[in-house]
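Overview (structure and organization)
One-letter residues, chain by chain:
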Amino acid sequence: MVNRHIHGIGMTSQRTRSRLVERLRQEGIHNEAVLAVVRDVPRHLFVDEALASRAYEDTALPIGHGQTISQPYIVARMTEVLLESGPLDKVLEIGTGSGYQAAVMAALAGTVFSVERIKPLLDQARQRFRELGFKNIRLKLDDGHPGWPANGPYDAIIATAAPEKVPADLLVQLADGGRMVIPIGPQGRQMLTLIQRNGDEFLQQPLEAVSFVPMIYGGR
Ligand code: SAH
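Since the model is a prediction, treat every value here as computed from it, not as a measurement.

1. A closer look at the site of the ligand
As a structural note, the neighbourhood of the ligand is formed by 28 residues, with Ser98, Glu116, Asp143, Gly144 and Ile216 the closest of them. Within the side chain of glutamate 93, a nitrogen or oxygen atom sits 3.1 Å from a nitrogen atom of the ligand. The separation between an oxygen atom of the ligand and a polar side-chain atom of glutamate 116 is 2.6 Å. Across the complex, the protein chains shield 99% of the 570 Å² of accessible surface that the ligand would expose by itself. Secondary-structure elements contributing two or more residues to the shell around the ligand are β2 (67-69), β3 (90-94), α5 (100-106) and β4 (111-116).

2. Quick look at the pairing of strand β9 (residues 201-210)
Here strand β8 (residues 190-198) runs beside β9; their pairing, made up of 9 bridges, is antiparallel. Paired with glutamine 196 across the two strands is leucine 203, which belongs to β9. Connecting the antiparallel pair β8 and β9 is a turn made up of 2 residues, with glycine 199 showing a positive phi of about 60°.

3. As for the pattern of salt bridges
Tallying each qualifying case throughout the model produces 11 salt bridges. The salt bridge involving arginine 23 is made with glutamate 27; its shortest N-O contact spans 3.4 Å. By relative accessible area, which is 30% here, glutamate 27 ends up partly exposed. The closest approach of N and O atoms between arginine 54 and glutamate 57, which form a salt bridge, is 3.2 Å. Residues joined in a network through salt bridges with shared partners are Glu22, Arg25 and Glu32.

4. Concerning the side chain of threonine 79
Positionally, threonine 79 belongs in helix α4 (residues 72-83). In this structure the side chain of threonine 79 is engaged in a polar contact, spanning 3.0 Å, whose partner is the side chain of glutamine 101.

5. Structural notes on unusual backbone geometry
A cis geometry characterises the amide bond from glycine 152 onward to proline 153, with omega recorded as 0°. Take proline 153: it is sitting in the loop between β5 (137-141) and β6 (154-159). Even without glycine at this site, histidine 65 takes up a positive phi of about 55°. The topology assignment puts histidine 65 in the loop between β1 (61-64) and β2. Judged by relative accessible area, which is 41%, histidine 65 ranks as partly exposed.

6. A word on helix α2 (residues 14-26)
Across its 13 residues, α2 extends 18 Å between first and last C-alpha, which sits within 8% of the 18 Å expected from 1.5 Å per residue. What α2 keeps buried is the set Thr16, Arg17, Leu20, Val21 and Leu24. Burial along α2 is one-sided: seen end-on, the buried residues are contained in an arc of 140°. Among the exposed residues of α2, those oriented more than 90 degrees off its buried face are Arg15, Arg19 and Gln26. If you follow the buried residues of α2, they end up packed against α3 (32-40) and α4. Positive phi shows up at glycine 28, right after α2, with a value of about 110°.

Thresholds applied
Residues numbered from 1 in each chain as written. Predicted model: local features only at pLDDT ≥ 70, side-chain atom pairs only at ≥ 80, totals over all residues. Heavy atoms only, no water. Near = heavy atom within 4 Å. Polar contact = N/O pair within 3.5 Å; in protein donor to acceptor, adjacent residues only side chain to side chain. Areas by Shrake-Rupley, 256 points an atom, 1.4 Å probe, with all protein chains shown as cover. Helix = DSSP H or I, 4+ residues; strand = E, 2+ residues; numbered from the N terminus. Pairing = 2+ DSSP bridges. Salt bridge = Lys/Arg side-chain N within 4 Å of Asp/Glu carboxyl O. Buried < 20%, exposed > 50% of the residue type's maximum accessible area, 1.4 Å probe, protein only. Expected span 1.5 Å × (residues − 1). Arc of directions from axis to C-beta. Contact = heavy atoms within 4.5 Å.

Written out as structure tokens, the structure is:
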């Protein structure tokens with residue numbers, strides 16, 4: 001099954017993937033490890049087969065349930081920013097969605113803990129990780145606002161859905177010296193934000209305007 005997807009179709013060609021990597025380079029992504037992972041992780045397996053031919057375009061794509069798989073540039077940017085603090089042992093993600101961002105992160109970090117509130121998306125992501133052999137991703141079906149305290153503190157926290165303000169529980173679960181990247185604000189006016197923890201201080205820095213789905217309160 002996996003082989004049919006991976007080898008059967010031309011969109012997985014090295015040339016198509018290299019083109020995406022070159023584009024990310026032009027857009028300012030410079031971390032070679034991140035670029036290599038974007039080239040290697042099969043993004044076409046994280047979208048519906050009908051959209052697979054567009055998987056290596058630098059664009060967000062629908063994944064059902066009103067949600068989207070993030071644009072590769074944004075995935076690369078967020079990952080690169082988090083890696084700047086050094087090696088990452090434990091990473092928390094809010095918003096598993098297709099699982100693509102978690103897979104990219106898992107190729108570069110110790111363990112990724114990811115929380116998603118829509119069960120069919122979580123189940124599908126779990127299946128993909130199994131087929132692709134990712135063993136360092138833990139998943140939980142829940143509202144991600146409270147984080148996942150049992151495994152914290154985290155060296156990095158990545159939110160791929162946008163709250164109107166940073167959930168206080170996530171700040172508390174950030175390790176000293178750790179980094180969080182999170183889109184903040186109402187739809188249409190979100191700012192990708194970097195938060196660095198230094199003891200009890202949280203240094204907040206705007207990165208760029210972005211467009212994410214909202215972080216919704218409650219499970220489903
Ligand atoms: N990282 C994903 C992006 C998915 S879009 C990927 O690479 O595909 C954002 C996801 O956040 C959606 O799946 C949405 O259901 C989820 N989400 C929204 N609010 C949430 C919340 N409060 N807790 C957990 N997940 C949430």
